[in-house]
Amino acid sequence: MEALGLFVLSVDESGEAKSKCPAHFELLGREDRHPSFSVNIDSGLFGCWSCGFKGIFANLVQYCLKQKLKREIPHDEAIAWIRARGTIQRVERILAKRPVETDTTKLVNEASLALCVPPPEWALEDRGISAEACARYGVLWEPDRELWITPIRDHTGRLHGWQEKNKRYFANHPETIKKSRFVFGYQTLPEKSERVVVVESPLDALIVWQDTGEPCVSTYGASVSDHQMLLLMERTNNVVLFMDHDAPGRKARDRLIDRWRGTGLALSTVDYRLLEDRFRKVVRDGLDPGELWSDENAYLLEHTIPASIAAITLGR
């Protein structure tokens, strides 16, 4: 992937290597700012949940080499390019050298973040986040590589790992951590909350809280596990789904509404399209809470749509 110019942001526990989608600009007219593209390191199958670009690895080679060389790449040339790099045997040797990490509690502790500091003023201004919000959620800064550090803690507050990111880089530490077991910001929730807002990105949780004052947490992505929902139900019976305005976000929203309907949990969601009339805003695909102004976030949360009529109002 890196030989094709695809920087690998992370590899999750299921073997999906995440990167920015190379076809986004051609298909959607914009760069992939919120990477939704991945390649399975076992099968070579790739896909982008946002623009629909997908296929076998040879197709990816054909596309990337075409962009680089400015000519059509025959299938057999792509296969030869792959074979020239050692392919499976080389990958197996690399993976064999990787240490197997399973018990995250043995890999990290509070001292692991000893060299991290509060985010500097310039980084706060660049991301639109306040120092107060960082202190509330425990977000830190790694100064040597200029990375945002968002701790991953369990419901008791124990540190199990962290995410590190900037505009060019993203990784989980340790790589094997199962984020589906954790809810970012859980420690900020009162014992009993009137309602809790759920977003995908940890840093977006900070922005929604500072914009609206509403309790807000993140599920580390659009995929929300039953375990995460049960944790939230210990704090509230009213959850607002503020997912990103893209295909994965809408799919996750609809799945959650179907999954938890009739359980006693009051679910509602936001409708980004309301911003078009109220603020004359162009609501493009891929918009997320972290890109909205404070009055826009507040307006959407003031006009949430109950799950009971979401399918009718928002469509499927």
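You'll find the structure just up there.
Below you will find a few notes about this structure. The shown structure was predicted, so the numbers you read here are calculated from the model rather than taken from an experiment.

Turning our eyes to something else, we now look at the environment of R85. Along the chain, R85 falls in the loop between helix 3 (75-83) and helix 4 (87-97). By relative accessible area, which is 39% here, R85 ends up partly exposed. As a C-alpha pair, R85 and E121 span 36 residues in sequence and 45 Å in three-dimensional space.

With that settled, consider the packing of aromatic side chains. With the rule as written, the count across this model stands at 12 aromatic pairs. With 5.6 Å between their ring centres and 20° between their planes, Y137 and F184 make a pair best called stacked. Separated by 47 residues along the polypeptide, Y137 in helix 6 (residues 131-137) and F184 in the loop between strand 9 (170-173) and strand 10 (196-199) bring together distant segments of the chain. The same class applies to Y137 as to F184, namely buried. Measuring from centroid to centroid gives 5.4 Å for W141 and W148, while their planes differ by 90°, and the two rings are edge-to-face.

What follows covers the pattern of salt bridges. Following the criterion strictly, the structure yields 17 salt bridges and no others. One salt bridge connects E72 with K66, and the closest N-O pair in it is separated by 2.9 Å. Residue classification places E72 among the exposed positions, given a relative accessible area of 58%. Note on K66: relative accessible area 33%, which makes it partly exposed. One salt bridge in this structure joins R71 and E77, with 2.7 Å as the shortest N-O distance.

So, on to the sheet that holds strand 5 (residues 54-55). Here we have five strands laid out as an open sheet, ordered 1-2-3-4-5, and antiparallel in their pairing. Each of the sheet's edge strands pairs with one partner strand only, and the pair in question is strand 1 (10-11) and strand 5. Sheet topology places strand 4 (residues 46-48) next to strand 5; two bridges connect them, and they run antiparallel. Within strand 5, the residue paired with G47 across the bridge is K54.

So, on to the nonpolar core. The biggest cluster of nonpolar side chains holds 33 residues, and the ones touching the most others in it are I129, W148 and F242. If you list the elements that add at least two residues to this core, you get helix 5 (121-127), helix 6, strand 7 (147-153), strand 10, helix 7 (202-212) and helix 11 (294-302). A total of six residues in this core trace back to one element, the largest contributor, which is helix 7. Residues V224, L232, I257 and L265 belong to the second largest nonpolar core, which totals 24 residues.

What follows concerns the pairing of strand 12 (residues 238-241). Inspection of the sheet shows strand 10 paired to strand 12 by three bridges, in the parallel sense. Its bridge partner being in strand 12, V197 is matched across the sheet by V240. By the bridge criterion, four bridges tie strand 12 to strand 13 (residues 266-269) in an arrangement that is parallel. Residue pairing for strand 13: N238 is matched across the bridge by A266. The parallel pair strand 12 and strand 13, bridged by helix 9 (residues 247-260), forms a crossover whose chirality is right-handed.

A few words on the pairing of strand 7. Of all seven residues in strand 7, six are buried; the element is thus mostly enclosed. Direction of pairing for strand 6 (residues 140-142) relative to strand 7: antiparallel, over a ladder of three bridges. Bridge pairing links W141 to W148 in strand 7. Linking strand 6 to strand 7, which pair antiparallel, is a turn of four residues; within it E146 sits at a positive phi near 55°. Note that strand 7 and strand 8 (residues 159-165) share six bridges and pair antiparallel. Bridge assignment links R153 to a residue of strand 8, and that residue is L159. Hairpin geometry of strand 7 and strand 8 is characterised by an intervening segment of five residues between the two adjacent antiparallel strands and by a positive phi of about 100° at G157.

Parameters and conventions
Residues numbered from 1 in each chain as written. Predicted model: local features only at pLDDT ≥ 70, side-chain atom pairs only at ≥ 80, totals over all residues. Heavy atoms only, no water. Helix = DSSP H or I, 4+ residues; strand = E, 2+ residues; numbered from the N terminus. Buried < 20%, exposed > 50% of the residue type's maximum accessible area, 1.4 Å probe, protein only. Phe/Tyr/Trp six-rings, centres within 6.5 Å; stacked < 30°, edge-to-face > 60°. Salt bridge = Lys/Arg side-chain N within 4 Å of Asp/Glu carboxyl O. Pairing = 2+ DSSP bridges. Core = buried A, V, L, I, M, F, W, Y, C linked by side-chain atoms within 4.5 Å. Right-handed = clockwise from strand over helix to strand, strands pointing away.

Remember, this is a structural readout, not a statement about activity or role.
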